[in-house]
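# Results of the structural survey
Single-letter residue listing:
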Amino acid sequence: EILNIQPEIPQRSLNTDNAYVTLCTKDNYVPGTIMLARSLAETKTKYPLIVMSCNLSEESRLALKRSGVHFFELQNIKKDLNVKGWLGETYNKLFAWTIPNFKKLVFLDSDMIIAENIDELFHYDEFSVCSGSLPGKKYTYNTGLFVLKPDKKTFNHMMKFMKTLRPDKLFGDQEFLIKYFPNAYELSDIYNRRTWELKNSKPKVFHYNGPIKPWNMNRGLLSRFYISEEHYKVWCKKYDKYTSLKK
């Protein structure tokens, strides 16, 4: 149903210094990416959303295009790094640094929903990110959302730095970026509220991280797996709104 969602959203102009960017390399992530695009548009953002993609079906591309996104095609870096599974896919986020003609980008994971306008993030510098966690680590950050300055030189330096590490032994892009940007600026957690977190502050961004995605489950099971009732209600409300709209 979500692949046929209406109405069509006009693309925002790329003639701007700033843009949002996300990653979608599999058809089964397209429903989440559509929800991200539509929720972002609903906040009246001034900036376009670019989807870094590869291997998507024509049906998926058409569905995303109806949600107003632009495409940036990439070659999956997973094989070059010899990293298997979904963690290998996450290294494709690094291609955001190769997107030309922008001064600043905000990366958003494709399993996020935007609840309020977040254009103020473009006032922050590279590398700004929310705190997070990794197994066995006292403090890290979560790379579901971050601010970057695209620069091919930075990307090339990242690839050289990658050769000094074992990417197959890291927790994907997250642990790599922690090592590459050890002195990141910490954003408020309202910009990356993960599924299990219950806090008093009102989030602007809901992050449905983890292996279980709301678009792959019926609602009865979803409420069992997602600890945060707030996350559950936001997803259902947005989904019902977008799928009920007519052309």
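Residues numbered from 1 in each chain as written. Predicted model: local features only at pLDDT ≥ 70, side-chain atom pairs only at ≥ 80, totals over all residues. Heavy atoms only, no water.

### Here we look at the sheet that holds strand 7 (residues 140-148)
Read across the open sheet, the 7 strands follow the order 3-2-1-4-7-6-8; overall the sheet is mixed. Bordering the open sheet on either side are strand 3 (70-73) and strand 8 (185-187), each of which pairs with just one other strand. The mean inter-strand angle of the sheet, taken between neighbouring strand axes irrespective of direction, is 35 degrees. Inspection of the sheet shows strand 6 (residues 128-132) paired to strand 8 by 3 bridges, in the parallel sense. For valine 129, the partnering residue across the bridge sits in strand 8 and is glutamate 186. (Pairing = 2+ DSSP bridges. Helix = DSSP H or I, 4+ residues; strand = E, 2+ residues; numbered from the N terminus. Axes fitted to C-alpha atoms, helices over the stretch in contact; angles between N-to-C directions.)

### A word on the pattern of salt bridges
The final tally for this structure, using the stated rule, is 11 salt bridges. Of the charged contacts in the structure, one is a salt bridge between lysine 93 and aspartate 109, with a shortest N-O distance of 3.0 Å. A residue pair is termed long-range when its members are at least 10 positions apart, and lysine 93 in the loop between helix 4 (85-90) and strand 4 (104-108) and aspartate 109 in the loop between strand 4 and strand 5 (112-114) qualify at 16 residues. You'll find lysine 93 and aspartate 109 in the same group, each marked buried. Between lysine 213 and aspartate 111 there is a salt bridge, with its nearest N and O atoms 2.5 Å apart. Of this pair, lysine 213 sits in the loop between strand 10 (205-207) and helix 7 (219-225) while aspartate 111 sits in the loop between strand 4 and strand 5, and the two are 102 residues apart along the sequence. The pair formed by lysine 213 and aspartate 111 is uniform in burial state, with each residue classed as buried. Taken together, the salt bridges that share partners define one network made up of Glu42, Lys238 and Lys241. (Salt bridge = Lys/Arg side-chain N within 4 Å of Asp/Glu carboxyl O. Buried < 20%, exposed > 50% of the residue type's maximum accessible area, 1.4 Å probe, protein only.)

### Concerning the side chain of aspartate 109
When its relative accessible area of 15% is taken as the criterion, aspartate 109 is described as buried. Within the structure, the side chain of aspartate 109 is placed 3.0 Å from the side chain of lysine 93, a separation counted as a polar contact. At 3.3 Å, the side chain of aspartate 109 forms a polar contact with the side chain of histidine 207. Contact partners of aspartate 109, with chain neighbours within four places excluded, come to Thr22, Leu36, Lys93, Thr143, Gly144 and His207. (Polar contact = N/O pair within 3.5 Å; in protein donor to acceptor, adjacent residues only side chain to side chain. Contact = heavy atoms within 4.5 Å.)

### Digging into the environment of isoleucine 114
With respect to the helices and strands, isoleucine 114 occurs in strand 5. Since its relative accessible area comes to 0%, isoleucine 114 is described here as buried. In the structure, isoleucine 114 is positioned 78 residues away from asparagine 192 in sequence and 9.7 Å away in space, judged by C-alpha atoms. Contacts of isoleucine 114, omitting those with residues within four sequence positions, involve Leu36, Ser39, Leu40, Thr43, Leu108, Lys204, Val205 and Lys238.

### Description of the packing of aromatic side chains
Using the criterion set out here, one finds 18 aromatic pairs in the structure. Seen in terms of ring centroids, tryptophan 97 and phenylalanine 127 are 6.4 Å apart; in terms of plane orientation they differ by 25 degrees. Their pairing is stacked. Pair noted here: tryptophan 97 is in the loop between helix 4 and strand 4 and phenylalanine 127 is in the loop between strand 5 and strand 6, with a separation of 30 residues, a long-range link. There is no split in this pair, since tryptophan 97 and phenylalanine 127 are both buried. Ring geometry for tryptophan 97 and phenylalanine 146: centres 5.8 Å apart, planes at 15 degrees, overall stacked. You can see tryptophan 97 sitting in the loop between helix 4 and strand 4 and its partner phenylalanine 146 sitting in strand 7, a full 49 residues away along the chain. Across this residue pair, the class does not change: tryptophan 97 and phenylalanine 146 are buried. A network of ring pairs unites the aromatic residues Trp97, Phe107, Phe127, Tyr141, Phe146, Phe161, Phe176, Tyr180 and Phe181 as a single cluster. (Phe/Tyr/Trp six-rings, centres within 6.5 Å; stacked < 30°, edge-to-face > 60°.)

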